[in-house]
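Overview (structure and organization)
Here is how the chains run, residue by residue.
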Amino acid sequence: MSGASILAGAPNFDRLAGVYRWMEWLSFGGWLWRCRCGFLPEMRAARRALVLGDGDGRFTARLLRENPGVEVDAVDISPAMLEALRSRAGDDRDRLRTHVADVRLGPPAGEGYDLVVTHFLLDCLTTAEVEELALRVRSQVTPDAVWVVSEFAEPAGWFGRLVARPLVRLLYGAFGWMTGLRVRKLPDWEGALARAGFRRRERKTWLRGLLVGVVWG
Ligand SMILES: C[S@@+](CC[C@H](N)C(=O)[O-])C[C@H]1O[C@@H](n2cnc3c(N)ncnc32)[C@H](O)[C@@H]1O
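Let us look at the structure shown here. (Residues numbered from 1 in each chain as written. Predicted model: local features only at pLDDT ≥ 70, side-chain atom pairs only at ≥ 80, totals over all residues. Heavy atoms only, no water.)

**Focus: the overall build of the chain**
Using the following cut-off: Numbering goes from the N terminus for both helices and strands, where a helix is a DSSP run of H or I of at least four residues and a strand is a run of E of at least two. Values of the radius of gyration come from C-alpha atoms, whereas the globule rule sets the reference at 2.2 Å times the count of residues to the power 0.38. Pairs of residues are marked as contacts when any of their non-hydrogen atoms sit within 4.5 Å. Areas reported as accessible are Shrake-Rupley estimates using a 1.4 Å probe. Residue values count occlusion only from the protein chains shown.
Along the backbone of the chain there are 7 helices and 8 strands. By the compact-globule yardstick of 17 Å for 217 residues, the chain fits well, its C-alpha radius of gyration being 16 Å. Oriented by its inertia axes, the alpha-carbon framework of the chain measures out at about 45 × 35 × 35 Å. Contacts spanning at least 24 positions in sequence make up 71% of the contacts within the chain whose residues lie at least 6 apart. Split by element, the accessible area of the chain, about 10200 Å² in all, is 54% carbon and sulfur.

So this is what it looks like as structure tokens:
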């Protein structure tokens, strides 16, 4: 595991590493998992992947299993989350490199990525931070690379106003309390990626638009 460059005041997800999957299951059942895996078939041809804000490794372990040709650089600010990933990866560990780093300082140097994945990371950043990250990532990817994003959203209409927005606020309150995360509202990450030169290719939604998955090229 390589590391660590971290900004002062960074959130600390270490103590959630062991319980994260159970918290997720109790609050959203299998929906976040469905959202993460929404574009898994499109990732089976990838050869070099950059997974940012990896978390406890459930998704990356699955990607390594389903795509025996892919090598993964996984980045997270939390050493405990990356430790969980390494143990989940099992025999696929030799195709995995983990990096303890704050993505606001830039992902670890590397290039030629044909796949970038951020599942529920961009909501930990401000719009300006997402844009800076996207500009850096852009210089590290191949021309035909795809970036798969999973995120919470506040859709237009009554469901967005009366259900999604209060729920997102509640989640920010809870994560702020548990990890010290300072961000309090969803960034305009779609605008930030577009300004950095990425183009939206495909979009799926779950739970009436509370969860979105988008493939960018
Ligand atoms: C909400 S969790 C999502 C984890 C995982 N991707 C998933 O889908 O379950 C956010 C993850 O991003 C990491 N993270 C948050 N801010 C970060 C930052 N500035 N740099 C790197 N990792 C960060 C946290 O440690 C945590 O593992």
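**So, the pattern of salt bridges**
Operational definition: The term salt bridge refers to a side-chain nitrogen of Lys or Arg lying within 4 Å of a carboxyl oxygen of Asp or Glu. Relative accessibility thresholds used throughout: buried, under 20% of the residue-type maximum; exposed, over 50%; partly exposed, between the two (1.4 Å probe, protein chains only).
Counted under the stated rule, the structure contains 16 salt bridges. We note a salt bridge from Arg 95 to Asp 92, for which the minimum N-O separation is 3.0 Å. Both residues of the pair, Arg 95 and Asp 92, belong to the buried class. The salt bridge partner of Glu 154 is Arg 165, with a shortest N-O separation of 3.5 Å. With Glu 154 in the loop between strand 6 (141-152) and helix 6 (158-179) and Arg 165 in helix 6, this pair connects stretches of sequence that are 11 residues apart. A relative accessible area of 34% means that Glu 154 is categorised as partly exposed. Here the salt bridges do not stand alone but share partners, grouping Glu 24, Arg 36, Asp 56, Arg 58 and Arg 88 into one network.

**Observations concerning the environment of Ala 49**
The topology assignment puts Ala 49 in strand 2 (residues 48-52). With a relative accessible area of 0%, Ala 49 lands in the buried category. For the pair formed by Ala 49 and Val 70, sequence separation is 21 residues and the distance between their alpha carbons is 6.9 Å. Apart from the residues within four sequence positions on either side, Ala 49 is in contact with Leu 63, Val 70, Glu 71, Val 72, Asp 73, Tyr 113 and Leu 115.

**Focus: the site of the ligand**
Under the convention used in this document: Whether a residue is near a molecule or strand depends on its heavy atoms: if one lies within 4 Å, it is near. Whenever a nitrogen or oxygen atom comes within 3.5 Å of another N or O atom, the pair is scored as a polar contact, on the condition that within protein one atom can donate a hydrogen and the other can accept it, and that pairs from neighbouring residues in sequence are kept only if both atoms are in side chains.
Around the ligand, 19 residues are found, and the nearest of them are Arg 36, Gly 53, Asp 76, Asp 102 and His 119. Between a nitrogen atom of the ligand and a main-chain N or O atom of Ile 77, the distance comes to 3.1 Å. A distance of 2.7 Å is found between a nitrogen atom of the ligand and a backbone nitrogen or oxygen belonging to His 119. Contact with the protein chains covers 97% of the free accessible surface of the ligand, which is 590 Å².

**What about the environment of Thr 127?**
Here Thr 127 shows up in helix 5 (residues 127-138). We classify Thr 127 as partly exposed; its relative accessible area is 25%. Considered as a pair, Thr 127 and Gly 160 are 33 residues apart in the sequence and their alpha carbons are 20 Å apart.

**Observations regarding the packing of helix 1 (residues 20-28) against helix 6**
Note the threshold: Between the N-to-C directions of two axes lies an angle of 0 to 180 degrees, each axis being a line fitted to C-alpha atoms and, for a helix, fitted only over the stretch in contact. Angle categories are assigned with fixed cut-offs, so that under 35 degrees is roughly parallel, over 145 is roughly antiparallel, 65 to 115 is roughly perpendicular, and the rest are oblique. Left-handed is the label given to a crossing in which the near helix is rotated counterclockwise from the far helix by less than a right angle, and right-handed is the label when the rotation is clockwise. Charged residues are taken to be Asp, Glu, Lys and Arg, nonpolar residues to be Ala, Val, Leu, Ile, Met, Phe, Trp, Tyr, Cys and Pro, and polar residues to be all remaining types, Gly included.
Direction vectors running N to C along helix 1 and helix 6 enclose 160°, while the axes themselves pass 14 Å from each other. The angle between helix 1 and helix 6 falls in the class roughly antiparallel. Taken as a pair, helix 1 and helix 6 cross one another with a handedness that is right-handed. Across the interface between the two elements, Tyr 20, Met 23 and Phe 28 from helix 1 touch Leu 167, Leu 171, Phe 175 and Met 178 from helix 6. Partitioned by chemical class, the residues of the contact of helix 1 with helix 6 number 7 nonpolar, no polar and no charged.

**Focus on the packing of aromatic side chains**
As a reminder, the rule being used: Stacked, tilted and edge-to-face are the three classes applied to pairs of Phe, Tyr and Trp rings, where Trp contributes its six-membered ring and a pair requires centres within 6.5 Å; stacked means planes under 30 degrees apart, edge-to-face means over 60, and tilted covers the rest. Put simply, a charge is over a ring when the Lys NZ or the Arg CZ is close to the ring centre, within 6 Å, and near the line of the ring normal, within 35 degrees.
The full count for this structure, using the stated rule, is 6 aromatic pairs. Pairing Phe 120 with Phe 152 gives two aromatic rings, centres 5.2 Å apart and planes at 50°, and the pair type is tilted. Taken together, the residues Phe 120 in the loop between strand 5 (113-119) and helix 5 and Phe 152 in strand 6 connect sequence positions 32 residues apart. For the pair Phe 120 and Phe 152, a shared accessibility class is recorded, and that class is buried. Seen from their ring centres, Trp 158 and Phe 159 are 5.9 Å apart, and the 85° between their planes marks the pair as edge-to-face. According to the relative accessible area criterion, Phe 159 is buried, its value standing at 14%. Taken together, the ring pairs in this structure connect Phe 28, Phe 120 and Phe 152 into an aromatic cluster. The ring centre of Trp 31 lies 4.4 Å from the NZ or CZ of Arg 34, which sits over that ring.

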